[in-house]
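An overview of the molecular structure
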Amino acid sequence: MSNTATVDEMRAADPSASSVFPASMRVVDSHTEGEPTRVVLDGWPQPRGDTMAERLEDVRTNFDHLRRAVVCEPRGYDAVVGALLTPPVNADSTTGVIFFNNGTYLGMCGHGAIGVMRTLQHLGRITPGTIRLDTPVGTVSAELGIDGSVTIENVPSFCHARNVTVDVPHIGKVTGDVAWGGNWFFITHDTPVQVKSGNAKELTRVTQAIQDAINAAGISGADGEPIDHIEISAPPTRADADCRNFVLCSGGEYDRSPCGTGTSAKLAVLYARGEIALGTRWRQESITGSLFTGWLTMNASGDLIPHVRGTAYVTSEATLLFDAADPFRGGTPSA
């Protein structure tokens, strides 16, 4: 009997599923321009729901302990983003995927989608070409190039509000734009700390302070949706880049890649400000010096569609074990 079948039987016996741990899970690890992705292949009970949003809520309600167990210590660390593969919800899609990190869940994840594509290629499930991935915030298109690069055609993105000012304790007033790129971002050029890799800890402190101030002020995205990513834009250090960013993710850890959804949100802001034209290639440098290339198109409905290109590399295959006697099989207390 397969591990998945055993877990499904356990779930049937315990509908809440809140105490279900498999004996093991099979995962593939990769990194996209420096940011890690852990793709869960089997061992996790398939979430219930007719849509990816419903499946995400099922995971959040019944399997949050597995999120912590997979990406937090002692099996993972704060920068790891998990990607749970599910059957697709649309007939023309190849797979569904639910993204999660050390603190919460993600509507979309650009670097994670690129990592999923290279993982599927590594497993022999896809070859160069274009497929569709179902996510909780919509279906995205992803093209695997012959050279190993991956181009994500993301969900429609937009600038929700410009020149929003928040008073951040011990820092002062910070002004930025609120934009959607598959997750909600507050994007600012205001920072008392230079955006360079040696300042990552201090940049994390500053962006967390901005996040806390936004929460306290009740600043939100459309329909009151919480803003859970903070992005600082700064001049690039690479000659082939247009901008360098530092992104604080929803789990409180910074993105080592240029951030796919953050690049999408930034492109929407640039377009709203008249600073970029449709089709213009724009290069986003990360805090670690890696690069995404992005551009915008417009669909028949007038929606802005971001395209983000980057490269991922498979780093390991692993079987995660969940010893019933292990007091930390669900993650450490600090996770």
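Quick summary incoming for the structure in this document. (Residues numbered from 1 in each chain as written. Predicted model: local features only at pLDDT ≥ 70, side-chain atom pairs only at ≥ 80, totals over all residues. Heavy atoms only, no water.)

Let's talk about the overall build of the protein chain
Each helix and strand in the protein chain was counted, giving six helices and 16 strands. Taken over the C-alpha trace, the protein chain has a radius of gyration of 19 Å; the compact-globule value for 335 residues is 20 Å, and the two agree within 12%. Each of the three principal axes of the protein chain carries a C-alpha extent, and together these read 60 × 45 × 35 Å. When the 335 residues of the protein chain are sorted by exposure, 56% land in the buried category. Within the protein chain, contacts between residues separated by at least 24 positions form 62% of all contacts whose residues are at least 6 apart in sequence. Carbon together with sulfur atoms contributes 49% to the accessible area of the protein chain, which is approximately 13,400 Å² in total. Across the protein chain, the centroid of the 26 positively charged side chains sits 4 Å from that of the 38 negatively charged ones. (Helix = DSSP H or I, 4+ residues; strand = E, 2+ residues; numbered from the N terminus. Rg over C-alpha atoms; globule rule 2.2 N^0.38 Å. Buried < 20%, exposed > 50% of the residue type's maximum accessible area, 1.4 Å probe, protein only. Contact = heavy atoms within 4.5 Å. Areas by Shrake-Rupley, 256 points an atom, 1.4 Å probe, with all protein chains shown as cover. Lys, Arg positive; Asp, Glu negative; His and termini not counted. Charge placed at Lys NZ, Arg CZ, Asp CG, Glu CD.)

Regarding the pairing of strand E16 (residues 304-321)
Each regular strand displays side chains that alternate between the two surfaces of the sheet. Here nine bridges tie strand E1 (residues 24-32) to E16, and the two strands are oriented antiparallel to one another. The residue of E16 that forms the bridge with Val 27 is Ala 318. Relative to E16, strand E8 (residues 149-153) is paired through five bridges, and the arrangement is antiparallel. Considered in E16, the bridge of Thr 151 is made with Arg 309. As defined by bridge partners, strand E15 (residues 291-298) adjoins E16 across six bridges and the pair is classed as antiparallel. Bridged to Leu 296 within E16 is Pro 306. (Pairing = 2+ DSSP bridges.)

A look at the pattern of salt bridges
One pass over the structure, following the stated rule, counts twelve salt bridges. Across the salt bridge formed by Arg 68 and Asp 64, the nearest N and O atoms sit 3.0 Å from each other. Linking Arg 68 with Asp 64, this pair stays in helix H3 (residues 64-71), spanning four residues, or about one helical turn. When its relative accessible area of 26% is taken as the criterion, Arg 68 is described as partly exposed. The partner of Glu 253 in a salt bridge is Arg 256, with the nearest N and O atoms 2.7 Å apart. Note on accessibility: Glu 253 and Arg 256 belong to one class, buried. Beyond isolated ion pairs, a larger network of salt bridges with shared partners links Asp 64, Arg 67 and Arg 68. (Salt bridge = Lys/Arg side-chain N within 4 Å of Asp/Glu carboxyl O.)

A word on the environment of Leu 320
The residue Leu 320 is located in strand E16 in this model. Leu 320 sits in the buried class, given a relative accessible area of 8%. In this structure, the C-alpha to C-alpha distance between Leu 320 and Ser 24, residues 296 residues apart in sequence, is 5.3 Å. Here Leu 320 is in contact with Ala 23, Ser 24, Met 25, Val 27, Arg 38, Val 70 and Arg 75, once residues within four sequence places are set aside.

Topic: the nonpolar core
Residues Phe 99, Val 116, Val 166, Phe 186, Ile 210 and Ile 214 are the most contacted members of the largest nonpolar core, which totals 55 residues. It is helix H5 (residues 200-217) that contributes the most residues to this core, seven residues altogether. Val 166 has contacts with Gly 172, Lys 173, Val 174, Phe 186, Ala 213, Ile 214, Ala 217 and Ile 219, leaving out every residue within four places of it along the chain. Among the nonpolar cores identified, the runner-up in size contains 22 residues, and Val 20, Ala 69, Val 80 and Tyr 105 belong to it. (Core = buried A, V, L, I, M, F, W, Y, C linked by side-chain atoms within 4.5 Å.)

Let's talk about helix H6 (residues 260-272)
For H6, spanning 13 residues, the distance from its first C-alpha to its last is 19 Å, which sits close to the expected 18 Å at 1.5 Å a residue. Taken across its 13 residues, H6 has eleven buried, putting it largely inside the fold. Those residues of H6 lying buried are Gly 260, Thr 261, Gly 262, Thr 263, Ser 264, Ala 265, Lys 266, Leu 267, Ala 268, Val 269 and Leu 270. In the stretch just after H6, Gly 274 is the one whose phi turns positive, near 70 degrees. (Expected span 1.5 Å × (residues − 1).)

Points about the environment of Ser 24
In this structure, Ser 24 sits in strand E1. Distance in space between the C-alpha atoms of Ser 24 and Leu 321 is 4.4 Å, their sequence separation being 297 residues.

Section: the pairing of strand E14 (residues 282-285)
Sheet analysis places strand E13 (residues 243-248) next to E14, joined by two bridges and oriented parallel. Each bridged residue has a counterpart across the sheet, and for Arg 244 the counterpart in E14 is Glu 285. Read as a crossover between parallel neighbours, the route from E13 over H6 to E14 is right-handed. Pairing geometry for E14 and E15, over four bridges, is antiparallel. Residue pairing in the sheet places Glu 285 in a bridge with Leu 291 of E15. The hairpin turn running from E14 into E15, its antiparallel successor, is five residues long, and Gly 289 in that turn takes a positive phi close to 95 degrees. (Right-handed = clockwise from strand over helix to strand, strands pointing away.)

Description of a nonpolar patch on the surface
Together, Tyr 271, Leu 278 and Met 298 make up a nonpolar patch on the protein surface, roughly 240 Å² of accessible area in all. Along the polypeptide, Met 298 turns up in strand E15. (Patch = residues over 30% accessible without salt bridge, like charges linked within 9 Å, V, L, I, M, F, W, Y side chains within 5 Å.)

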